[in-house]
Amino acid sequence: MGIEFQEVFNWMRRRKIFATLLVVCTLGIGILIGTLISGRAQATHDQAATGATLLAVPDPITLSNAFSTISKKLGPAVVNISTTQVIEKPKGGKTPKKFGDPFQDFFDRFFDQPDNSPDAERSLGSGVIVDKKGFILTNDHVIDQATKIQVTLDGDATKYSARVIGFDKDTDLAVVKIDADHELPVAKLGNSDGVQVGDWVLAIGSPFGLNSTVTAGIISAKDRSNVGHQFQRFIQTDAAINPGNSGGPLVNMAGEVIGINTAIYTGSRGFEGVGFALPSTTVINVYNQLITNGKVTRGSIGITFQEDRSNNPVLMKELGVPYGIVVEAVEPGSPADKAGLKPGDVITNINGQAVHTGADLVNPIAETVIGQSVQVRYVRDKQTKEVALTVADRSKIFPQVAQASEDEPDQSDTPGQLGLHVEELTPDLSRKLGMSKITGVVVTEVEPASFAEDVDFSRGDVITEINHVSINNLADYKAEMAKLHPGQDVLFKVARHSDSDRVLTLFLAGAVPTILAQ
């Protein structure tokens, strides 16, 4: 009996331990499930409370990359062009020089009188590299009368000095060149005759100085005349073109330059949807002549006309022709005069091609080599006549046309040596400048757009050393300056009188420019 009771007790004891473990496990599982359910319920509660649905990051989608591909390809060949033009100030009267004081005029220029030295006017534009040796196409109005031209490449902090190879005011095109120590990226020119109205295009440039700006649009019109000069017939686009875009490329979807951005129509200063680019076919012809001869020569037969008046259907009917250009004047001694053409004649055909517009008449003649002939068909008194005319140089037939180019300032003129004008620093002058213990030469003028201005020279500076060589007088200065050569690094030690009446010691340094003026 006792044994049986003991066994029952042991069995109950084992069951108790098992039951305890079972209870503990059940409680643990219950707590875990309760936590998860509570958290989910809380999240559901929070979501339901705001009414928002959680966002998920979608899978990336590759969109059309045609624009970006062209931008990456052409961008490095598009440059920023900054120019400086020296503007002479009107000369004002001077105060009378004090009798017996030979330095009064000097101090008048520094302290008593306003600075009548020339000012520098700066402007920005764009250009496109078309030859790896550094030949760049841009607009003539970007570099017109510039004293200094600097070119900046995309991603390159170097400012390259550029020189003018040639310019053509009739088309507002110019070619400049920079010298780099490596081959430069180039843009490929296409054939603008292939573009159609509605085609996508990109304009690349530096509007308002914002380098490497790309805008997109379409070709709005072709062969747009009566916008610029006689030889400018533009591609019109609604791709945004703003000040600073001038000289940059208009690019088709093949990544080819089909125009040089030149002008806009605007009621303000900004873009309003109407921009103009000179077609690449014209650009190529002008470029080839500029790099070969430095100028553009155009043929002429010596007639004058007005296209608008020739478009009058009543006039054409009375003259007995369906189309053509009416001759309004014939230059004496010109090929047209020698061949017997007269005012009132209607030219209907050039070299077998019908003449419907002024461009149909002018372009084939202008592009003909001087001395070669063109076949001209014309109508007089309703009778058709034909004659061969030898093409002459337009600038000789119309010398007034070439006058503008002849009146341009000589861009080969160089400024003073590095743009510095100095005088001997005498003991008396050094005392008046508050630099009695200093020897050297005093800077009397700093030319705008010069090396001296770039490295921060100011009037009144005293140059005491050049390349660690002491400058005691004007002879020392001239001797050391004569040793400098283009591209060489030069260091000036300068004494400058500060606004706080202290004499500062400055070190002004730079590389002697390879091109002193453009």
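What counts, and at which threshold
As a convention, each chain's residues are numbered from 1 in the sequence order in which they are written. Only residues with pLDDT of at least 70 get local features here, since the model is predicted, and only at 80 or more are side-chain atom pairs given and counted; chain-wide, interface and lining totals rely on the full set of residues. Computation of side-chain values: all heavy atoms of the structure, hydrogens and water removed. Runs of H or I in DSSP of at least four residues are treated as helices and runs of E of at least two as strands, each being numbered from the N terminus. Burial classes: relative accessible area under 20% of the type maximum marks a residue as buried, over 50% as exposed, and values in between as partly exposed (1.4 Å probe, protein chains only). Contacts are residue-level and defined by heavy atoms, with any inter-residue pair within 4.5 Å sufficient. Here the open area of atoms and residues is found with the Shrake-Rupley method and a 1.4 Å probe, where only the protein chains shown may cover a residue. Throughout, the arc means the angular range of directions from the helix axis out to the C-beta atoms. In summary, the pairing rule links any two rings of Phe, Tyr or Trp, Trp by its six-membered ring, whose centres are within 6.5 Å, and it sorts them by plane angle into stacked for under 30 degrees, edge-to-face for over 60 and tilted for everything else. Any two strands are treated as partners once DSSP identifies two or more bridges connecting them. Angular values range over 0 to 180 degrees, each being the angle between N-to-C directions of two axes fitted as lines to C-alpha atoms, with helices fitted over their stretch in contact. Think of a polar contact as two N or O atoms within 3.5 Å of one another; within protein, one of them needs to be a possible hydrogen donor and the other a possible acceptor, and neighboring residues in sequence only count if both atoms come from side chains. One confidence number per residue, pLDDT, is output by the predictor and ranges from 0 to 100. Basic side-chain nitrogens of Lys or Arg form a salt bridge, by our definition, when they fall within 4 Å of a carboxyl oxygen of Asp or Glu. By definition here, a helix of n residues has an expected span of 1.5 Å times n minus one.

Things to note about the overall build of the chain
- Within the chain, the regular secondary structure consists of 14 helices and 27 strands.
- Burial analysis of the chain (518 residues in total) assigns 41% to the buried set.
- Considering only residue pairs separated by 6 or more positions, the chain has 63% of its internal contacts joining residues 24 or more positions apart.
- For the chain, the accessible area works out to roughly 28500 Å², and carbon and sulfur atoms hold 54% of it.

Some thoughts on helix H9 (residues 358–366)
- Taken together, the buried positions of H9 are occupied by Gly-358, Ala-359, Leu-361, Val-362, Ile-365 and Ala-366. Summarising the axial view, the buried residues of H9 lie within an arc of 160°, below the 170-degree limit, and thus occupy one face.
- Its buried side turned inward, H9 meets strand S13 (299–300), strand S14 (303–304), helix H6 (307–310), strand S15 (325–326), strand S17 (346–350) and strand S19 (373–380).

Points about the packing of aromatic side chains
- All told, the structure shown has four aromatic pairs when counted by the stated rule.
- The interplanar angle of 50° and the centroid separation of 5.7 Å between the aromatic rings of Phe-234 and Phe-276 together place this pair among those described as tilted. Here the residue Phe-234 occupies a position in strand S9 (residues 234–237), and Phe-276 occupies one in strand S12 (residues 275–279), the gap between them amounting to 42 residues. Summarising the burial analysis for this pair, Phe-234 and Phe-276 share the class buried.
- With centroids separated by 5.4 Å and ring planes inclined at 90°, the aromatic side chains of Tyr-265 and Phe-276 adopt a geometry described as edge-to-face.

A word on the sheet that holds strand S8 (residues 213–224)
- The sheet built from six strands closes into a barrel, its strands ordered S7-S8-S9-S12-S11-S10 with antiparallel pairing. Across the sheet, the mean angle from the axis of one strand to that of its neighbour is 45°, orientation sign disregarded.
- Bridge count for strand S7 (residues 200–205) against strand S10 (residues 249–251) is two bridges, and the pairing is antiparallel. Paired with Ala-203 across the strands is Leu-250, a residue of S10.
- Relative to S7, helix H2 (residues 66–74) is tilted by about 35°, and along the sheet it contacts S7, S8, S10 and strand S11 (257–264).
- Packed on one face of the sheet, helix H5 (residues 280–293) meets S11 and S12 and runs near 50° to S12.

Observations concerning the side chain of Lys-148
- Positionally, Lys-148 belongs in strand S4 (residues 148–152).
- A polar contact is formed between the side chain of Lys-148 and the side chain of Asp-454, at a distance of 2.8 Å.
- Residues within four places of Lys-148 in sequence aside, it is in contact with Ser-82, Thr-83, Thr-84, Ala-449, Ser-450 and Asp-454.

Quick look at the environment of Ala-277
- Considering the arrangement of structural elements, one finds Ala-277 in strand S12.
- Distance from Ala-277 to Phe-234, taken between C-alpha atoms, is 5.5 Å for residues 43 residues apart in sequence.
- Non-local contacts of Ala-277, meaning those with residues more than four positions away in its chain, are made with Phe-234, Ile-235, Leu-250, Gly-259, Ile-260, Asn-261 and Thr-262.

Description of the confidence of the model for the chain
- For the chain, per-residue confidence averages 82 on the pLDDT scale, and 79% of positions sit at 70 or higher.
- Averaged pLDDT values for the elements of the chain fall to 47 in helix H3 (residues 104–112) and rise to 97 in S10.
- Scored below 50 in pLDDT, residues 404–415 shows 16 contacts in the model against residues more than four places distant or in partner chains.

Notes on the pattern of salt bridges
- Evaluated as defined, the whole model comprises 17 salt bridges.
- Across the salt bridge formed by Asp-223 and Arg-233, the nearest N and O atoms sit 2.8 Å from each other. You can see Asp-223 sitting in strand S8 and its partner Arg-233 sitting in the loop between S8 and S9, a full ten residues away along the chain.
- A single salt-bridge network, built from bridges that share partners, covers Asp-168, Asp-170, Arg-298 and Arg-394.

Details of H5
- In this model H5 runs 20 Å from its N-terminal to its C-terminal C-alpha over 14 residues, within 8% of the 20 Å that 1.5 Å per residue would give.
- For H5, the set of buried residues is Ser-280, Val-283, Val-286, Tyr-287, Gln-289 and Leu-290.
- Gly-294, located one to two residues past H5, shows a positive phi value of around 80°.

Quick word on the side chain of Thr-368
- Mapped onto the elements of the fold, Thr-368 is located in the loop between H9 and S19.
- Looking at Thr-368, the relative accessible area reads 13%, which means it is buried.
- Once you skip the residues sitting within four places of it in the chain, Thr-368 turns out to touch Gly-299, Val-374 and Val-391.

Looking at the pairing of S11
- Burial analysis of S11 places six of its eight residues in the buried class, the great majority of the element.
- Sheet analysis places S10 next to S11, joined by three bridges and oriented antiparallel. Each residue of the ladder has a partner; that of Leu-250, found in S11, is Gly-259.
- Connecting S10 to the antiparallel partner S11 that follows it, the hairpin turn spans five residues, and Gly-255 within it adopts a positive phi of roughly 80°.
- Bridge analysis of S11 against S12 gives five bridges, and the strand direction is antiparallel. Bridge pairing in S12 links Asn-261 to Ala-277.

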